[in-house]
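Observations on the three-dimensional arrangement
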Amino acid sequence: LFISIRLYHSVSDRNIIIEKKSLADIAKNDSDPDVRKTATEKLSDQKLLANIAKNDSDPDVRKTATEKLSDQKLLADIAQNASDWGCSKGCIKKSDRP
């Protein structure tokens, strides 16, 4: 289990807010696509990556998740069922089956 601690510094009141979240939670739920992409780059859980590749709202995050996938069944499922052609195409390229 990975834990990330993010510090936010508020200039107006000089308070520091500490937020602890799992890396998986950040990859799936952070409001910033760049943060989700960075967290996704560090994941290895194939089912979680497949979920992100199929469901994330940002195409760059979906692409990053697709690039990390190696499970052939998950790649085939995404290639056949993803609504994002770029994601499907990436899975087809990675697939062992032509």
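Below is a short write-up of the structure. (Residues numbered from 1 in each chain as written. Predicted model: local features only at pLDDT ≥ 70, side-chain atom pairs only at ≥ 80, totals over all residues. Heavy atoms only, no water.)

Turning next to the overall build of the protein. When helices and strands are tallied, the protein shows 6 helices and 2 strands. Burial analysis of the protein (98 residues in total) assigns 35% to the buried set. Put simply, 30% of the contacts in the protein that link residues at least 6 apart link residues at least 24 apart. Looking at the protein as shown, the accessible area adds up to about 6,500 Å², and 50% of this sits on carbon and sulfur atoms. (Helix = DSSP H or I, 4+ residues; strand = E, 2+ residues; numbered from the N terminus. Buried < 20%, exposed > 50% of the residue type's maximum accessible area, 1.4 Å probe, protein only. Contact = heavy atoms within 4.5 Å. Areas by Shrake-Rupley, 256 points an atom, 1.4 Å probe, with all protein chains shown as cover.)

Another aspect to go through is helix α3 (residues 46-55). Helical geometry note: an α-helix holds 3.6 residues per turn, so side chains three or four residues apart project in the same direction. For α3, the set of buried residues is Gln46, Leu48, Leu49, Ala50, Ile52 and Ala53. Contact partners of the buried residues in α3: α1 (23-29), α2 (33-41), α4 (59-68), α5 (72-81) and α6 (85-94). For α3, the capping residue at the N-terminal end is Asp45, with a side-chain oxygen 3.0 Å from the backbone nitrogen of Lys47. (Polar contact = N/O pair within 3.5 Å; in protein donor to acceptor, adjacent residues only side chain to side chain.)

This part takes up the packing of α3 against α5. Between α3 and α5, the shortest axis-to-axis distance is 10 Å and the interhelical angle comes to 10°. It follows that α3 is roughly parallel to α5 by the angle criterion. Contact residues: α3 offers Gln46, Lys47, Ala50, Ala53 and Lys54, while α5 offers Leu74, Asp77 and Ile78. Taken together, the residues that form the contact of α3 with α5 break down as 4 nonpolar, 1 polar and 3 charged. (Axes fitted to C-alpha atoms, helices over the stretch in contact; angles between N-to-C directions. Parallel < 35°, antiparallel > 145°, perpendicular 65-115°, else oblique. Nonpolar A, V, L, I, M, F, W, Y, C, P; charged D, E, K, R; others polar.)

The topology assignment puts Asp58 in the loop between α3 and α4. Of the side chains with opposite charge, Arg36 comes closest to the buried, unpaired Asp58, at an N-O distance of 5.2 Å. Within the local environment of Asp58, its side chain forms a polar contact with the backbone nitrogen of Val61, the two atoms lying 3.2 Å apart. Each residue touching Asp58, except ones within four places of it in the same chain, is listed here: Pro33 and Arg36. (Lys, Arg positive; Asp, Glu negative; His and termini not counted. Salt bridge = Lys/Arg side-chain N within 4 Å of Asp/Glu carboxyl O.)

Mapped onto the elements of the fold, Ala24 is located in helix α1. What makes Ala24 partly exposed here is its relative accessible area of 26%. Taking the C-alpha atoms as reference, Ala24 lies 7.7 Å from Leu48; in sequence the two are 24 residues apart. Setting aside anything within four residues of it in sequence, one finds Ala24 in contact with Leu43 and Leu48.

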